[in-house]
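Examining the three-dimensional arrangement
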Amino acid sequence: MTVKTETTYCCPLCKGELLVVTDGFTCGACQREYPVVAGIVDFRICADPYISIPDDRAKALRIAEKAATMTFPEMVAFYYSITPEVPDDLARHYLNHHVAGTQRGEGILHRMSEYGLSYQAESGVRLLDLGCGTGGFLAAASKRGATCVGADVALRWLVIAQSRFRDLGCNDVKVVCACADHLPFKTESFDVVVAENLIEHCSDTKQVLSESRRVTRSGGAFMARTINRFAFGPEPHVGVWGVGFLPRNIANKYVQMIKGIPYEHIHLDSFSSLNSAIRASGSANLSSRAPLITEADYKHHPGWKQVLFKTYCLLQNAPLLGSVMAQLGPYIDVASAKQSAATDAENHSTQHRSNNRV
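As the structure is a prediction and not an experimental result, all values here were calculated from the model. (Residues numbered from 1 in each chain as written. Predicted model: local features only at pLDDT ≥ 70, side-chain atom pairs only at ≥ 80, totals over all residues. Heavy atoms only, no water.)

Overall, the coordinates contain 15 salt bridges when judged by the stated rule. Salt-bridge contacts for Lys-15 lead to Glu-211; the nearest nitrogen and oxygen are separated by 2.9 Å. A residue pair is termed long-range when its members are at least 10 positions apart, and Lys-15 in the segment before β1 (18–21) and Glu-211 in helix α7 (residues 205–215) qualify at 196 residues. Looking at Lys-15, the relative accessible area reads 32%, which means it is partly exposed. The buried category is assigned to Glu-211, whose relative accessible area is 5%. (Salt bridge = Lys/Arg side-chain N within 4 Å of Asp/Glu carboxyl O. Helix = DSSP H or I, 4+ residues; strand = E, 2+ residues; numbered from the N terminus. Buried < 20%, exposed > 50% of the residue type's maximum accessible area, 1.4 Å probe, protein only.)

And the structure:
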């Protein structure tokens, strides 16, 4: 009997070849199985820290039942209506965040251009969005012509992302459920990898950067943004001031006291710790930098927070204050070194030939 093999993905655990089975894939080497749930392949090696894999799958299927009758914003609102552990004020903030996702995606595209990455989101470019969430950036990049793939550890969010793609007509975007430190993609599969607000949700930054480097083609590009541990402002996941300045073993108790919710599974980096992870990952062409802030980054926030962002942008450009403000800025950006014009031209001239290898 002929067994069909998968040509795009690999086993996220051992990187072995996958065999196509009725309800998903099986690794021919380690025999691990990866099912399709709600139309999405579940390649997870470990669970989302906030929910078990069985519970996430059940929640994803419950949300999927609403897809035929709800718009994307309604799907997000429904999610929070069945997630009572999220306080109402944070649920409203998160809802605005998700609804503004495509607008923020345009800001990410602008940042890619400003950082002079070797590849942009355009026709012929294969792009991977790690921690894609509800797919705002994928939708924006798809509209530019890029071949887009998204990966996220939360299956429930990917189901909601598909409703965004449906509403916007982005029918070619693909998503998989996977862990960022164990990616189910073959080596050198993508021209550019983007990881927006992902690193702080991962316990092993070095491994995430190493996997990103593995799946990026030689001469390709990487760009990430993470929350600055020492930002002067409220920690955005919980809306509490001063969290990053506390020892990690005290931060949870502090947030519990102020907000009444746990502060777990968030791993904020400083410039120093992030640079250490970059060196340890062997990603010699990456560097951390002060964030490029645009209106797309803060327009969806309430007025008082927009004032904070605008004030930061002004002080960041002030003489003598720029380097100090970078250490207190809301984010830390990581990006590949800017390519020379000659290298960039060579990358684009070989791009279509390299695409044929995937």
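Helix packing for two helices is described by the angle between their axes and how far apart those axes are. Packing of helix α5 (residues 136–143) against helix α6 (residues 155–168) leaves a shortest axis separation of 9 Å and a crossing angle of 30°. By the angle class used here, α5 and α6 are roughly parallel. Every pair of crossing elements has a handedness; the one defined by α5 and α6 is right-handed. Residues Gly-136, Leu-138, Ala-139 and Lys-143 of α5 pack against Arg-164, Phe-165 and Leu-168 of α6. (Axes fitted to C-alpha atoms, helices over the stretch in contact; angles between N-to-C directions. Parallel < 35°, antiparallel > 145°, perpendicular 65-115°, else oblique. Left-handed = near helix turned anticlockwise from the far one by under 90°. Contact = heavy atoms within 4.5 Å.)

Here seven strands make up an open sheet; going across it, the order is β7-β6-β5-β8-β9-β13-β12 and the pairing mixed. Two strands bound the open sheet, and with one partner strand each, they are β7 (174–177) and β12 (286–289). Across the sheet, the mean angle from the axis of one strand to that of its neighbour is 15°, orientation sign disregarded. The strands touched by α7 are β5 (126–130), β8 (190–196), β9 (216–227) and β12; relative to β9, the strand with the most contacts, the crossing angle is about 150°. (Pairing = 2+ DSSP bridges.)

The strand order β1-β2-β3-β4 describes an open sheet built from four strands, whose pairing is antiparallel. Whereas interior strands pair on both sides, the edge strands pair on one side only; in this sheet they are β1 and β4 (40–41).

Attention now moves to the confidence of the model for the chain. Interpreting fine coordinate detail is not advised for predicted regions of low pLDDT. Here the chain averages 90 in pLDDT, while 93% of its residues score no lower than 70. Across residues 340–345 the pLDDT falls below 50, and counting only partners more than four positions away or on other chains, this stretch makes three contacts in the model. Here residues 347–358 scores under 50 on pLDDT; set against residues more than four positions off or in separate chains, the count is 25 contacts. (pLDDT = per-residue confidence, 0-100.)

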